[in-house]
Amino acid sequence: MHEMSIAQSLIDIIREEMARHNACRLRSVRLRIGRLSAIVPESLSFCFEIITTGTDLEGAKLLMDLVPLRGRCRQCGREFEIEEYAFECPLCGGPDIETTAGRELSIVDMEVD
Amino acid sequence: MKISVVKNILEANDRIARENRAIFDEKGLLVINLMSSPGAGKTSLLEKTIDALKDDVRIGVIEGDIQSSHDARRIAEKGIPVVQINTGGACHLDGNMIRDTFDEFDFDHLDLLVVENVGNLVCPAEFKVGEDFKAMILSVPEGDDKPAKYPLMFRESKVLLINKIDLAPYLDCSVAAMKKAALKVNPDLTVFEVSCKTGEGLDAWFDWIRQAAGTTDAG
């Protein structure tokens, strides 16, 4: 349950960006969360709500795009979706897989006034 | 108005971890972030490792626990520098907590710093502390389904110690199956099969650590 730390880091970045753009109201913030990240989206929503309640950020929407886990075989070059966390190429069976997506934990954009 | 941000949410922690790392590198210190579930044997492994290496490798330890200084006392009995961090509820250590311990150590007189993270198979994997690499322990009674259930930690670790292999005959789970499951998630893992109870397999781990800490030839 480290979603509270993540939510706090998120709020820090939001405040920094809002100050930089002279924004006074946050409507929504969009995140990209990879399937390999150890985040439970529902917990993060819950923590975000708790932290923002009673502040000027209250009511802002937290939008989360979940990114599937994808890899590329370093042996044959095949790109594929990694299922069940099996890092093995479905084409040649090679075990040397580079993770190309699914590790994200980032802010994409914010809607502010 | 839409603002494009594109920023890693953990960037602030990553930055502190990089700063920590720079200090460790400058001091020529090997730093291992040791992770596992509660009770897998992190402190036991440390005790055995200290006993075996303390004449060759100068070791320091940071103990991370939600509460208590139980583990730090166990390590302090070995006569090496140790700092206990109580996270007060937080399920992992982060870069900042590690930085706060720096005044307690004399890094010029250490070769190896082991950060024993909070017992937890999920959260610590997400937070860098400035380590050279992550090492994890999976104990045999935990079962061979853990790599598939908690893939991030296995994926992030460089070393896996399968501990309590002496218990394998009494359980339905085989060490070979655990190793296979772990390598499926991360084929690059260096795996040691050990028992901190009987000492089986530990010599290979000790040799590996000696080499990693760069003390094999230097003496």
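Residues numbered from 1 in each chain as written. Chains lettered and ligands numbered in written order. Predicted model: local features only at pLDDT ≥ 70, side-chain atom pairs only at ≥ 80, totals over all residues. Heavy atoms only, no water.

1. Looking at the pairing of strand E4 (residues 82–86) of chain B
Residues and elements named next belong to chain B.
Working step 1: Direction of pairing for strand E3 (residues 59–65) relative to E4: parallel, over a ladder of 5 bridges. Within E4, the position partnered with Asp65 by the bridge is Asn86.
Working step 2: Between E3 and its parallel partner E4, the chain crosses via helix H3 (residues 70–76), and the hand of that crossover is right-handed. (Pairing = 2+ DSSP bridges. Helix = DSSP H or I, 4+ residues; strand = E, 2+ residues; numbered from the N terminus. Right-handed = clockwise from strand over helix to strand, strands pointing away.)

2. Notes on unusual backbone geometry
Working step 1: At Tyr85 of chain A, a position not held by glycine, the phi torsion is positive, near 55 degrees.
Working step 2: As for its placement among the helices and strands, Tyr85 of chain A is situated in the loop between strand E4 (79–81) and strand E5 (97–101).

3. A look at the side chain of Ser195 of chain B
All names here are of chain B.
Working step 1: Structurally, Ser195 can be placed in the loop between strand E8 (190–193) and helix H8 (202–212).
Working step 2: In this structure Ser195 comes out as buried when scored by relative accessible area, which is 0%.
Working step 3: Polar contacts involving the side chain of Ser195 include one to the side chain of Asp166, which spans 2.8 Å. (Buried < 20%, exposed > 50% of the residue type's maximum accessible area, 1.4 Å probe, protein only. Polar contact = N/O pair within 3.5 Å; in protein donor to acceptor, adjacent residues only side chain to side chain.)

4. Quick notes on a nonpolar patch on the surface
Working step 1: Together, Met4, Phe46 and Ile50 of chain A line one region of the surface with nonpolar side chains, adding up to about 290 Å² of accessible area.
Working step 2: Along the chain, Ile50 of chain A falls in helix H2 (residues 41–52). (Patch = residues over 30% accessible without salt bridge, like charges linked within 9 Å, V, L, I, M, F, W, Y side chains within 5 Å. Areas by Shrake-Rupley, 256 points an atom, 1.4 Å probe, with all protein chains shown as cover. Salt bridge = Lys/Arg side-chain N within 4 Å of Asp/Glu carboxyl O.)

5. Describing the interface of chain A and chain B
Working step 1: Tallying the contact residues gives 32 residues for chain A and 25 residues for chain B.
Working step 2: Regarding the contact of chain A and chain B, the summed buried area is about 2600 Å², with carbon and sulfur atoms giving 62% of it.
Working step 3: Our count for the chain A to chain B interface comes out at 5 salt bridges.
Working step 4: Linking chain A to chain B there are 15 residue pairs in polar contact (both at pLDDT 80 or more).
Working step 5: Of all the secondary-structure elements, those providing two or more residues to the side of chain A that touches chain B are helix H1 (3–20), E5 and strand E6 (105–112) of chain A.
Working step 6: Of the residues in the side of chain A that touches chain B, the class split is 18 nonpolar, 7 polar and 7 charged.
Working step 7: The sheet contact formed by E6 of chain A and strand E1 (residues 2–8) of chain B spans 5 bridges and is antiparallel. In the sheet register, Ser106 of chain A faces E1 of chain B, and the bridge partner there is Asn8 of chain B. (Contact = heavy atoms within 4.5 Å. Buried area = accessible area lost by both parts, 1.4 Å probe. Nonpolar A, V, L, I, M, F, W, Y, C, P; charged D, E, K, R; others polar.)

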